[in-house]
Amino acid sequence: QVQVVESGGGLVQPGGSLRLSCAASGIKRNIYAMGWYRQAPGKQRELVAQIISGVSTNYADSVKGRFTISRDNAKNTVSLQMNSLKPEDTAVYYCYVSVPGFPGYWGQGTQVTVSS
């Protein structure tokens, strides 16, 4: 059974930092990509950052220069270091795992709130 579990969300003041982590287990095939999406109240889910084949990275324009995604291929984990957080970063953050030939796997989400 595939499990995708996020951790590391919470409440932080503007300008602060948080680190999100995600661990995927039960996946028998090679993972093509891992990434983070977020969804704020009343908004669509959007891609924040992804790392493809453990090498290539993509970031939303709104987080470039502030967020850094990294992956441990051996452990099937992905992390998102978020610095200089802004109130508009407040959302539920979801980990996403892409395996060729299979539907994407999602975590349950972790709340990030940026507020003074």
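Residues numbered from 1 in each chain as written. Predicted model: local features only at pLDDT ≥ 70, side-chain atom pairs only at ≥ 80, totals over all residues. Heavy atoms only, no water.

### Remarks on the pattern of salt bridges
Scanning the model with the defined rule gives 4 salt bridges in all. Here Asp89 and Arg38 are joined by a salt bridge, their closest N and O atoms 3.0 Å apart. Of this pair, Asp89 sits in the loop between β8 (77-82) and β9 (91-98) while Arg38 sits in strand β4 (residues 33-39), and the two are 51 residues apart along the sequence. Residue Asp89 is classed as buried on the basis of its relative accessible area of 1%. Overall, the relative accessible area of 6% leaves Arg38 in the buried class. For Arg66, the salt bridge identified is with Asp89, shortest N-O distance 2.7 Å. Of this pair, Arg66 sits in the loop between β6 (56-59) and β7 (67-72) while Asp89 sits in the loop between β8 and β9, placing them 23 residues apart in sequence. Among the residues examined, Arg66 registers a relative accessible area of 10% and is labelled buried. (Salt bridge = Lys/Arg side-chain N within 4 Å of Asp/Glu carboxyl O. Helix = DSSP H or I, 4+ residues; strand = E, 2+ residues; numbered from the N terminus. Buried < 20%, exposed > 50% of the residue type's maximum accessible area, 1.4 Å probe, protein only.)

### What about the packing of aromatic side chains?
As enumerated under the stated definition, the model contains 4 aromatic pairs in all. Arranged with centres 5.1 Å apart and planes meeting at 65 degrees, the rings of Tyr37 and Trp106 form a pair that is edge-to-face. Taken as a pair, Tyr37 in strand β4 and Trp106 in strand β10 (residues 105-106) lie far apart in primary sequence, 69 residues in all. Trp106 sits in the partly exposed class, given a relative accessible area of 36%. When the ring of Tyr94 is compared with that of Trp106, the centres are 6.5 Å apart and the planes differ by 85 degrees; the resulting orientation is edge-to-face. Linking Tyr94 in strand β9 with Trp106 in strand β10, this pair joins segments that are 12 residues apart in sequence. (Phe/Tyr/Trp six-rings, centres within 6.5 Å; stacked < 30°, edge-to-face > 60°.)

### Remarks on the environment of Val97
Inspection of the secondary structure assignment puts Val97 in strand β9. Along the backbone, Val97 and Gly35 are 62 residues apart, and their C-alpha atoms lie at a distance of 6.6 Å. Setting aside anything within four residues of it in sequence, one finds Val97 in contact with Val4, Ala24, Ile27, Ile31, Ala33, Met34, Gly104 and Tyr105. (Contact = heavy atoms within 4.5 Å.)

### Re the sheet that holds β8
The 4 strands lie next to each other as β1-β3-β8-β7, forming an open sheet whose pairing is antiparallel. With partners counted over all chains shown, the strands left at the sheet margins are β1 (3-7) and β7, one partner each. When the angles between neighbouring strand axes are averaged without regard to direction, this sheet yields 15 degrees. Looking at chain direction, strand β3 (residues 18-25) and β8 are connected through 6 bridges and run antiparallel. Residue pairing in the sheet places Leu18 in a bridge with Met82 of β8. (Pairing = 2+ DSSP bridges. Axes fitted to C-alpha atoms, helices over the stretch in contact; angles between N-to-C directions.)

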